[in-house]
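Okay, here's what each chain looks like letter by letter:
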Amino acid sequence: MKTDTAPKQKQTPTRLADYTPPNFNIEAVSLDFDLNPKETTIRSQLTVTRLAPGPLVLDGEDITLKSVSLDGKTLKRSDYSLTQTQLILKDLPERSLIEIETVCNPSENSTLMGLYVSGGRFCTQCEAEGFRRITYYPDRPDVLSVFRVRLQADLKDYPYLLANGNMVESGALDGGQRHYAIWEDPFPKPAYLFALVAGEFDILEDSFTTMTGRDIPLTIYVDPGDASRAEYAMDSLKRSMKWDEEVFGREYDLDRFMIVAVRDFNFGAMENKGLNIFNSSLLLADAATATDMNFERIESVVAHEYFHNWTGNRITCRDWFQLCLKEGFTVFRDQEFSADQRDRAVQRIKDVKALRMRQFAEDAGPLSHPVRPSEYMKIDNFYTATIYEKGAELIRMLKTMLGEDDFRKGSDVYFERLDGTAATVEQFLESFEIATGRDLSQFMRWYEQAGTPELSVEVESPVNMPVSLTKITFTQKFSPASGQADKQPVIIPIRWQAIGDTGPITEPQLTLLKSKENAVSLPDMGEDFSLSILQDFSAPVILKTRQTSKDHLRLMGQDPNAFKRWEAGQTLARELIGTQAKAIESGQMPKVNKALRGYCQALGKTLDDVNFNSSFKALALTPPAATEIIQASETSDPIAVSLAGEWLSRAIGDTLHEDLLNLYHALSDEGTFSPDAHSAGRRALRNRCLSLLASRQDPVVAGLAIEQLGTATNMTDELAALMTLTKLGGKRVETSMTEFFEKWKNNPLVIDKWFSVQGMRKHDSGIEAIEALVNHSAYDPRNPNRVRSLIGSFAMANPHMFHAVDGSGYAFFTQQVLDMDSRNPQVAARLLGAYEVWRKLDAKRQGLIKAQLRHVIGAAPSKNVMEIANKTLGE
Ligand code: 0A1
Ligand code: ZN
C-alpha cells in the first residue's frame, strides 16, 4: 500500500524530556502467522481502549500493509494515514477492534531484526524496535498487552512451532502437509519481548521444581546433533532458577521455559518471555570445542537472560531511556550469581577488568553518555558498556551503601510495588527509599552525569595537636572532557583500610564521600602503613594517589582484600608499561630498573602463596591490556604501548622463567575434563605460564606449545597453544593454522575462533593477509559471529596491523564496516565503535581516523552508522 509522504529520515533525536504516555491501551493482541520464507502473512487483531485524546499511532517498517479494518469494517485508504514508519488511525471510539494484515519477507531480512530466517529456521528479534518489522503496532515498552499467537507452517521443514507462554492447542492442516500451534502468554508484556521460532531442532529436556513445588519443564532447542553441547547451559539454567529464589525470592511464573540457539544473531541473547533466544556461541559448549571462557560466559548469559524474567519482563522499562533499569540490575544479578558459583574475588577482578577496558574507555571518549541518557538517534546504539556495566556498578554501590539486608528489603519493595508495570529509574530508587527511609536523591546524579569521576586521596602525616592524627582527605572531580558542564558531586562509597608491613592495622572502613571533599582522621598507628583504598572496587572511579612503588608492593604482599592485591600489581604494571611506551616512542631502548625487579619479585611471591587459587594467580600474571593504558593517558602511539606491554611480559618471563616452567609442568592436564572454576583456574594459570614463557622467544617453549597443540584434550589448551605459536611466529605457524582449520572445519563455533586468531595475528604479508581471509571460502559476511571474529578481533586486538602508520588497517576496516552496513546497520555501527579511541592516539593517527570517519559520513550510511560516525568525529 502506498505511503502518504515521500520517504523521509527522521533526523531529530528522541528526547527523554518529550516522553508522553500512550493514547491507547491494547487490552489484548491476537497474532496469526502464516509462515513462508519469502512471504509471511501476519494477521493481527488489537483490542484497543482509549486512555487519552488523540490518534492511535502504530509503528511499522519494511512491511507491506494489505488491509486494515475497524470493528469488522474494512477501511478505505482515505480512512487512515500511512507513512514509511507509521500507520495512524484518528477518531477512534473508546474501545474498538482493529484488524491488520501485513506481509514481510523473512528470507531477505539481513538486518536480523523482526522476523528472519537463520539456518533454515524462522526466528525473531524484537528488542528494541524490531516488532514494527512484523506488524503495525505501538512498538514502545510502556504498552503492555496479553498475546495470543497462532503459527502455521509446513510440517516437514518446521516441525517445531514456538512462541511465548504456554501452548494451548496444536494440530494438522492440509491433510498433514502443514500444521499449527496456538500459544498464550498470560503476562502482559511490551512488544519487544515477543518471540516466535519455527524449524527443525534437536532438543535437550529437563525440569525444575520451584520453591512452591511447581514442576517446570525446561527445553533447549539446538541444531540437529548439538543437544549434548547444551548440557552446561541447562545446568546453568537450573542453578540460576534456584539462585534467584534463594537470593532475591523470585520464582519462575510460566508453565514452561524454553531456550533456542540460533547461528545468526546481532547480540548475545534475548530474554523474550518464556522463550529466550541465544546466539549459539553463548549456549553450546563441550570440552573439545569450547574454552573455559566460553563456559563461564554461557553460565553468566544464561543466568542474565533468566534473571530478566523479573528484572525486565515482570517489571519492564517505561521508555528506552530507562534501559539501565533492566540491564544494570540484571548484569549486577548475573555478576553476583557468578561470584556465588565461582570465586567472588576472581569474579570481581574480571568484572572490573571488563569495566575498565570497555566502559572507562567509552566514558573517556567521544561516545561518553550517562547511564540514563537524555537523548538518542537510534536506540540500538545504546546497548553500551555504560548502560550495562556502569549500570551494574551503580546497583553495587547502592548495595554497599545500604548493606545486605536493606538492599534486599528495597528490592522486595521494588518487585512488589512495580510488578506488571513499565517503570522508571526514579521509581526504582523510590522503592529503596520506602524500604529503608534513606534519601537517595543525590544518588540519582550517578544516572544523569556522564564521565568517570576521579577520586584523589591525600594523606597528611601525624600532627601532634592535640593528639597524634593522620588526616586522610578524599576529593572527587569530574574531568571536563566528558561533555556535560556543571557536574555536581556524586555520593562515592569508599571502602578503605590501613595496611602495615605485616598486615592490616585498622578494621575495614566505609566512608561515604558526598561532597567535593571530605577528610577523615586516623590515630597514630605507631608504624608506617599504606592505604588500601577502594577495596573490592567499591565505586567506579579513577583513583589518584601519591602512593609509591613501596606502597603498591606492600599492598601486593599484605592486603587482606584480594581485589586490592591484584590491583596493586596492576598499578605497578600500568606505570611500568606507560613509562616504557614513552621511552619507545622517543626511540630509547628498554631498561631494567628497580621498579621492574620489585614488581617481578612480588609476582613471584604471589605465585608461591598457597592462599591464592590458580585463577587469581593467572590474573595477577596478566598485566593491563593496551586499551587500558591508552585510555588512561593523554595521547599515545598504540604500537609503542603494545610493544611496552610485550616488553613487560618478556621481563616477567625472563625473571620468573624457572618458576613458570615448573608451574607449567606441575599443572599438567588433570585427565577428565571439568568446566568448574577450580579446573578452569588451573588451565588458565598453566596457559598464562606458557604465554609468558613464549614472550622470550625461547625454542624450548615452541616445543612445549607444539606438544600441547598435538595432545590437548580440550579447546582451552588447544587454542592457547595455537595462540602461543602465532606469537612465536615462524614457519610452523602456517601449518598449525591449516591443520587446525582442517580439523574443525565442520564446527562453525570453532572456525569463528580460528578467524579470530587470524584477525589478531601480526601477519608478515601485511593487510593483504586479512583481505585474503575476507575472501576465504569459510568467511560469511552475513553472519555477525564470523564478521566479529575476523573484523572485530582485527580492530580491537591487533594493534600492530589495525594502527599501522600507513593507514592501511584503517582503510580496510572502514571498507568492511560500510560493506556490513549495507546488510546489517546494527552490527556495522557496533564495529565502528573501534574508532572511539582516536583522540587518545598520536596526531598522525588522529588525522587518519578522522579522514576515515568523514569518508563514512560521506558514504550516506544507515542512521545507526551515521550516529556513531558523527558522534565519534564530534565535529
Ligand atoms: N536484552 C538483551 C540484549 C539485546 C538487545 C537487543 C538485541 O537486538 C539485536 C538483542 C539482545 C540482553 O540484555 O541480553
Ligand atoms: Zn540484558
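Not measured: the values here are computed from a predicted model.

Let us now look at the overall build of the protein. Of regular secondary structure, the protein possesses 27 helices and 32 strands. Computed over its C-alpha atoms, the radius of gyration of the protein comes to 28 Å, within 12% of the 29 Å expected for a compact globule of 875 residues. Within the protein, the proportion of its 875 residues that are buried is 60%. Long-range contacts, defined as pairs at least 24 residues apart, comprise 70% of the intrachain contacts of the protein with a sequence gap of at least 6. If you sum the accessible surface of the protein, you get close to 34,200 Å²; carbon and sulfur atoms cover 50% of it.

This part takes up the coordination of the zinc ion (ligand 2). Coordination of the zinc ion (ligand 2) by the protein involves His-304 (NE2), His-308 (NE2) and Glu-327 (OE), with metal-donor separations of 1.9 to 2.1 Å. The site at the zinc ion (ligand 2) holds 4 donor atoms, and with the angles between them running 97 to 127°, its shape is tetrahedral. Taken in chain order, the donor set of the zinc ion (ligand 2) reads H-x3-H-x18-E. In this pair, His-304 sits in helix α2 (residues 292–307) while Glu-327 sits in helix α3 (residues 323–341), placing the two residues 23 residues apart along the sequence. Neither residue differs from the other here; His-304 and Glu-327 are each classed as buried.

Another point: the nonpolar core. Residues Phe-33, Phe-194, Phe-428, Phe-443, Tyr-447 and Phe-474 are the most contacted members of the largest nonpolar core, which totals 264 residues. Apart from the residues within four sequence positions on either side, Phe-194 is in contact with Leu-31, Phe-33, Thr-124, Cys-126, Phe-131, Ile-134, Phe-147, Val-149, Asn-164, Lys-189 and Asn-272.

Aromatic ring pairs are described here by two measures, namely the spacing of the ring centres and the angle between the planes. Tallying each qualifying case throughout the model produces 52 aromatic pairs. Both rings, one in Trp-243 and one in Phe-337, keep their centres 5.9 Å apart while their planes meet at 80°; by these two values the pair is edge-to-face. Taken together, the residues span a long stretch of sequence, with Trp-243 in helix α1 (residues 231–248) and Phe-337 in helix α3 at a distance of 94 residues. In this pair, the class of Trp-243 matches that of Phe-337, namely buried. Arranged with centres 6.4 Å apart and planes meeting at 55°, the rings of Tyr-383 and Tyr-388 form a pair that is tilted. Both residues of the pair, Tyr-383 and Tyr-388, count as buried. In this structure, Arg-121 packs its charged tip against the face of Phe-201, placed 4.9 Å from the ring centre.

The next thing to look at is the sheet that holds strand β8 (residues 86–89). Judged by pairing direction, the sheet is antiparallel, and its 3 strands sit side by side in the order β4-β8-β7 without closing on themselves. Here the strands that pair on one side only, and so sit at the sheet edges, are β4 (56–59) and β7 (81–82). Pairing between β7 and β8: 2 bridges, direction antiparallel. Each bridged residue has a counterpart across the sheet, and for Ser-81 the counterpart in β8 is Ile-88.

Another point: the environment of Phe-147. Within the secondary structure layout, Phe-147 lies in strand β12 (residues 145–154). Judged by its relative accessible area of 2%, Phe-147 falls in the buried class. Expressed as a C-alpha distance, the spacing of Phe-147 and Ser-30, which sit 117 residues apart in the sequence, is 5.9 Å. With near-sequence residues (within four places) excluded, Phe-147 lies in contact with Val-29, Leu-31, Phe-131, Tyr-137, Trp-183, Glu-184, Asp-185, Lys-189, Ala-191 and Phe-194.

What follows is about the UniProt feature "domain: Aminopeptidase N-like N-terminal" (unreviewed entry) in the protein. UniProt's feature table lists "domain: Aminopeptidase N-like N-terminal" (unreviewed entry) at residues 31–193, given in the numbering used throughout. In this annotation, residues 31–193 is assigned 0% helix and 54% strand; the end-to-end C-alpha distance for the span is 14 Å.

Time to look at empty space enclosed by the protein. Across all of its chains, the model carries 5 cavities of 30 Å³ or more by this definition. Of the volumes computed, that of the largest cavity is approximately 70 Å³. Around the largest cavity, the lining residues are Leu-667, Ser-668, Asp-669, Glu-670, Ser-679, Arg-682, Arg-683, Arg-686 and Asp-717. Of all the elements, helix α16 (residues 677–694) adds the most residues to the lining of the largest cavity, at 4 residues.

Okay, the pairing of strand β18 (residues 215–222) next. Most of β18 is tucked away: 6 of the 8 residues are buried. Where strand β17 (residues 202–209) meets β18, 8 bridges bridge the pair, whose relative direction is antiparallel. Bridging across to β18, Phe-208 finds its partner in Ile-216. As consecutive antiparallel partners, β17 and β18 are separated by 5 residues, and within that stretch Gly-213 has a phi angle of approximately 85°, a positive value.

Turning our eyes to something else, we now look at the sheet that holds strand β20 (residues 269–270). Here we have 5 strands laid out as an open sheet, ordered β17-β18-β19-β21-β20, and mixed in their pairing. Pairing within the sheet leaves two strands with one partner each, and these edge strands are β17 and β20. Most of the contacts of α2 go to strand β21 (residues 275–279), to which it runs at about 150°, and overall it touches β19 (257–262), β20 and β21.

Calculation rules
Residues numbered from 1 in each chain as written. Chains lettered and ligands numbered in written order. Predicted model: local features only at pLDDT ≥ 70, side-chain atom pairs only at ≥ 80, totals over all residues. Heavy atoms only, no water. Helix = DSSP H or I, 4+ residues; strand = E, 2+ residues; numbered from the N terminus. Rg over C-alpha atoms; globule rule 2.2 N^0.38 Å. Buried < 20%, exposed > 50% of the residue type's maximum accessible area, 1.4 Å probe, protein only. Contact = heavy atoms within 4.5 Å. Areas by Shrake-Rupley, 256 points an atom, 1.4 Å probe, with all protein chains shown as cover. Donors = N, O, S within 2.8 Å, 3.2 Å for Na, K, Ca; no water. Tetrahedral: all angles 85-135°; square planar, octahedral: opposite > 155°, others 65-115°. Core = buried A, V, L, I, M, F, W, Y, C linked by side-chain atoms within 4.5 Å. Phe/Tyr/Trp six-rings, centres within 6.5 Å; stacked < 30°, edge-to-face > 60°. Lys NZ or Arg CZ within 6 Å of the ring centre and 35° of its normal. Pairing = 2+ DSSP bridges. UniProt positions renumbered as here; feature names shortened; annotations may be inferred. 1 Å grid on protein atoms, 1.4 Å probe; cavity = no way out; pocket = protein on both sides within 12 Å on 5 of 7 lines; lining within 4 Å. Points joined across faces, edges and corners; volume = space filled by probe spheres on them. Axes fitted to C-alpha atoms, helices over the stretch in contact; angles between N-to-C directions.

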